[in-house]
Amino acid sequence: MDYLGIDIGGTDVKVGIVDASGEVLISAKYPVNIDHYKIPFMDAVMQGILMFLSEKEIDLAQIKGVGVSATGQIDDHSGVVIGSGGSVPGYCGSHIKERIEETLHLPCTVLNDADCMVLAEAWMGAAKGYQNVVAFTIGTGIGGGMIVNGTLLTGRNGIAGEIGHMILHEQGEPCGCGNQGCFERYASTSALIRRIQARCPSRPVMNGMEVFQCLKKGDQEIQEVVNEWIEDIVAGCVSLVHIFNPEIIVIGGGVSNETEYLIAPLRKKIKEKAMPMFAKDLEITQAKLGNTAGMVGAVYHFIHQ
């Protein structure tokens, strides 16, 4: 029997059928920010799920259960959103597990999306075969997860691993979480764009892909900003290495595909700055599973509960 994998993000929900080996057989994506969230968020999520089941003619009798990957801080026991760093109205407090089980009449587990990413990469991706893994995505923010001695680190109520909100610069930029100087305020793609806008105000606003295109053309002004940004990513990663002593660091997000201009300098600098026995044999690489990681990791979590 197969599994239903669901990945709930702030703008869309991805739904797919995943088999017991982790292969995504079919999938589709549906918007959840309909009319700027005028439709209640979980209503839009359920609408997308039911649309998928109808369009793909899925027989729920052939589905063993549902694994959900969800943005925000998720109580992995109750499947309730207990904290959200985003601006999605009405999301915090959502009873995801209860809503899905009542609608689909199938057992369901819910886990944070970054935790699902690290589970997926350890099951099917770049961290396959490793027992101690740090994984994080560089995007609008920073989301991360850790596997310690083969077990996902979840903490007391499932919200461990918020590495985006470890303090990098105590008197630094204010963060949406209420603190100052958080890792994601300096190491996210959003942070990179803000740095460029502050340093080069006459330039048009760019996205991460465009920044790296400028680098490949030899743009020295952009290179200086990117170098500073990379130093902050390195600082956060070295701290994580010294705390968790991982065998491998897996980096996801769209910019992680920039092997020469991001992954290679990160690898070099992290290994230089980490203490020798922490750096010895440490692997640093990009994630492999991309947009399917949430669904795959969620199904892995369901299978192993």
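Fair warning: this is a prediction, and the values are worked out from it, not measured in the lab. (Residues numbered from 1 in each chain as written. Predicted model: local features only at pLDDT ≥ 70, side-chain atom pairs only at ≥ 80, totals over all residues. Heavy atoms only, no water.)

Asks: Help me out: how do you make sense of the side chain of glutamate 258 in this one?
Replies: Here glutamate 258 is to be found in the loop between β11 (248-252) and α8 (259-273). For glutamate 258, the contacting residues outside a window of four places in its chain are Phe212, Lys216 and Ile263. (Helix = DSSP H or I, 4+ residues; strand = E, 2+ residues; numbered from the N terminus. Contact = heavy atoms within 4.5 Å.)

Asks: Which parts of the structure should I look at to understand the pairing of strand β2 (residues 12-18)?
Replies: On any regular strand, side chains alternate: one points to one face of the sheet, the next to the other face. β2 sits mainly inside the fold: seven of its seven residues count as buried. The alternating pattern of β2 places Asp12, Lys14, Gly16 and Val18 and Val13, Val15 and Ile17 on opposite faces, both of which are buried. In terms of strand pairing, strand β1 (residues 2-8) meets β2 through six bridges, oriented antiparallel. Following the sheet pairing, isoleucine 8 is matched in β2 by valine 13. Hairpin remark: β1 followed by β2, antiparallel, with three residues in the connecting loop. When β2 meets strand β3 (residues 24-31), the two strands line up antiparallel, connected through seven bridges. Opposite lysine 14, over in β3, you have lysine 29 as the bridge partner. Between β2 and β3, which follow one another and run antiparallel, lie five residues, and glycine 22 among them has a positive phi close to 95°. (Buried < 20%, exposed > 50% of the residue type's maximum accessible area, 1.4 Å probe, protein only. Pairing = 2+ DSSP bridges.)

Asks: Quick question: what am I supposed to make of the layout of surface pockets here?
Replies: One way to see where empty space is left: roll a probe the size of a water molecule over the atoms. Volume-wise, the second largest pocket comes out at about 410 Å³. Along the wall of the second largest pocket there are 21 residues; nearest its centre are Leu119, Leu152, Tyr300, His301 and His304. For the lining of the second largest pocket, the elements supplying multiple residues, two or more each, are β7 (108-112), α3 (113-124), β10 (151-152) and α10 (293-303). Looking at the lining of the second largest pocket residue by residue, the classes come out as nine nonpolar, ten polar and two charged. (1 Å grid on protein atoms, 1.4 Å probe; cavity = no way out; pocket = protein on both sides within 12 Å on 5 of 7 lines; lining within 4 Å. Points joined across faces, edges and corners; volume = space filled by probe spheres on them. Nonpolar A, V, L, I, M, F, W, Y, C, P; charged D, E, K, R; others polar.)

Asks: Looking at this structure, how should I read the sheet that holds β2?
Replies: Neighbouring strands of a sheet are bound in pairs by backbone hydrogen bonds; such pairs are parallel or else antiparallel. Here five strands make up an open sheet; going across it, the order is β3-β2-β1-β4-β7 and the pairing mixed. Edge positions in the sheet fall to β3 and β7, since each of these pairs with one other strand and no more. Averaged over all pairs of adjacent strands, the angle between strand axes in this sheet comes to 15°, irrespective of strand direction. The pairing of strand β4 (residues 63-70) with β7 spans five bridges and is parallel. What sits directly across from alanine 70, in β7, is asparagine 112. Against the sheet, α3 makes contact with β1, β4 and β7, and its axis sits at roughly 100° relative to β7, the strand it touches most. (Axes fitted to C-alpha atoms, helices over the stretch in contact; angles between N-to-C directions.)

Asks: Please explain the nonpolar core as it appears in this structure.
Replies: The tendency in soluble globular proteins is for nonpolar side chains to be buried side by side. By size, the foremost hydrophobic cluster in this structure holds 39 residues, and its most contacted members are Phe136, Ile138, Trp229, Ile233, Leu262 and Ile270. Listing elements by their share of this core, those giving two or more residues are β8 (133-138), β9 (142-148), α4 (183-187), α5 (189-199), α6 (208-216), α7 (220-244), β11 and α8. No other element matches the eleven residues that α7 contributes to this core. Beyond its immediate chain neighbours, meaning those up to four positions away, isoleucine 233 contacts Phe136, Ile138, Phe183, Ala187, Leu262 and Leu266. Counting 32 residues, the second-largest nonpolar core is a separate cluster that includes Met42, Ala70, Tyr91 and Ile96. (Core = buried A, V, L, I, M, F, W, Y, C linked by side-chain atoms within 4.5 Å.)

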